[in-house]
Amino acid sequence: MLKVGVLGAGHLGKIHLRLLQQSEKYELVGFYDENHENGAKIAAEFGYKQFDTIAKLIHAVDVIDIVTPTLSHYKCAKVAIKSGKHVFIEKPISNTVAEAEEIITLAKEYKVKGQVGHVERFNPAFIATKSMIENPMFIESHRLAEFNPRGTDVPVVLDLMIHDIDAILSVVNSKVKNINASGVSVISDTPDIANARIEFENGCVANLTASRISMKNMRKSRFFQKDAYISVDFLDKVCEVVKMKDAPEIPGDFDMILQNAEGVKKQIYFANPEVAPNNAILDELESFADAINRNTTPIVTLEQGTNALRVANQIIDCFKK
């Protein structure tokens, strides 16, 4: 079992603490929160050990789980890595791409592993369909949320859309060629609703919409590729796969057949991949423990977290133009 400590005991930090306490792959040593009063309350209620300095916590563990506000990710990661500790960093990896690149450099220099908390990679509906997503050429993504004051200190792109940016980058095997985007501030000082069009060098186009002022919650992505349509509902954890293949010479009574203008006939059929229920946050934390223990590459690398941040920042730059 790896000894782990959590930096930050806010909403998500408390979830991480609870899951790490349950995990059979970690020994939860304790946590540090800069709000000592809040920390004392959590320590008293749940029995976790509260450390009075970051340095003491880092010294006592093998892995540091950084669940602090984004502005402090770089500072916390830097101290932990220089102490030879592995780092799990909640998304986005840091506030700027330059900071993220320095985190990568330091991790290589001090020979430690790092993983970024892009939890949708562990969503069971995405896991069930990912192997079927092959060379998608058009992607449409909607991530809509009801208003919550928590998170409004950053643009909706870094708060919500970055989940879909990372998921899309993980399945499109091509470099980003061009980005167009627009965003509107409705309640916050930063955009609350945004739309982005990402064009890739291989011709794939991704159209992403994110909003945190919607009447209902939605987290859905659709992937279109040659002879297939794949829908992933990240919220309800269900998926739909519609495929086409050459029609049989003698179709069955219930076969669905399409014929195009050239007379080519295709049979439509549905694939229903099994969606295995899981706890995505626990899975991402435990997958990091596996990567450390087996000396393998983490599922969401620091480099991938940096790429997602780079694209997110390019989208935000479009707003300024």
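Since this is a predicted model, take the numbers as computed values, not measurements.

Counting across every chain of the model gives 14 salt bridges. Between Glu-120 and Arg-219 there is a salt bridge, with its nearest N and O atoms 3.3 Å apart. Separated by 99 residues along the polypeptide, Glu-120 in the loop between strand E5 (114–117) and helix H6 (124–130) and Arg-219 in strand E10 (residues 218–225) bring together distant segments of the chain. A relative accessible area of 27% means that Arg-219 is categorised as partly exposed.

Within a beta sheet, neighbouring strands are joined by backbone hydrogen bonds and run either parallel or antiparallel to one another. Pairing in this open sheet of nine strands is mixed, and the strands run E7-E8-E9-E6-E10-E11-E12-E14-E13 from one edge to the other. Only two strands of the sheet have a single neighbouring strand rather than two, namely strand E7 (176–184) and strand E13 (256–259). Across the sheet, the axes of successive neighbouring strands diverge by a mean angle of 15 degrees, strand direction being ignored. Inspection of the sheet shows strand E11 (residues 228–233) paired to strand E12 (residues 238–246) by six bridges, in the antiparallel sense.

As a further point, take the domain arrangement of the chain. Considered domain by domain, the chain is made up of domain 1 (2–112) and domain 2 (122–276). In this structure, domain 1 and domain 2 have C-alpha centres spaced 32 Å apart.

Let's shift gears to the UniProt feature "domain: Gfo/Idh/MocA-like oxidoreductase N-terminal" (unreviewed entry) in the chain. With numbering aligned to this structure, UniProt lists the feature "domain: Gfo/Idh/MocA-like oxidoreductase N-terminal" (unreviewed entry) at residues 2–118. Between the end C-alpha atoms of residues 2–118 the distance is 21 Å, and the span holds 44% helix and 22% strand.

What follows deals with helix H2 (residues 36–46). Within H2, burial applies to Gly-39, Ile-42 and Ala-43. Buried residues of H2, viewed axially, fall in a sector of 100 degrees; they line one side. Facing away from the buried side of H2 by more than 90 degrees, the exposed set consists of Glu-37, Lys-41, Ala-44 and Glu-45. After H2 finishes, the residue Gly-47 shows a positive phi value of roughly 85 degrees.

Backbone phi values are negative for most residues with the exception of glycine, while trans is the configuration of most peptide bonds. A cis amide bond links Lys-91 with the next residue in sequence, Pro-92, at an omega value of -15 degrees. By the secondary structure assignment, Pro-92 is in the loop between strand E4 (86–90) and helix H5 (97–109). A positive phi angle is found at Asp-227, which is not glycine, with a value near 65 degrees. Of note in the backbone geometry, Asn-295 takes a positive phi value of approximately 55 degrees without being a glycine. Given a relative accessible area of 61%, Asn-295 falls into the exposed group.

Basis of the calculations
- Residues numbered from 1 in each chain as written.
- Predicted model: local features only at pLDDT ≥ 70, side-chain atom pairs only at ≥ 80, totals over all residues.
- Heavy atoms only, no water.
- Salt bridge = Lys/Arg side-chain N within 4 Å of Asp/Glu carboxyl O.
- Helix = DSSP H or I, 4+ residues; strand = E, 2+ residues; numbered from the N terminus.
- Buried < 20%, exposed > 50% of the residue type's maximum accessible area, 1.4 Å probe, protein only.
- Pairing = 2+ DSSP bridges.
- Axes fitted to C-alpha atoms, helices over the stretch in contact; angles between N-to-C directions.
- Domains from an automatic or database assignment.
- UniProt positions renumbered as here; feature names shortened; annotations may be inferred.
- Arc of directions from axis to C-beta.

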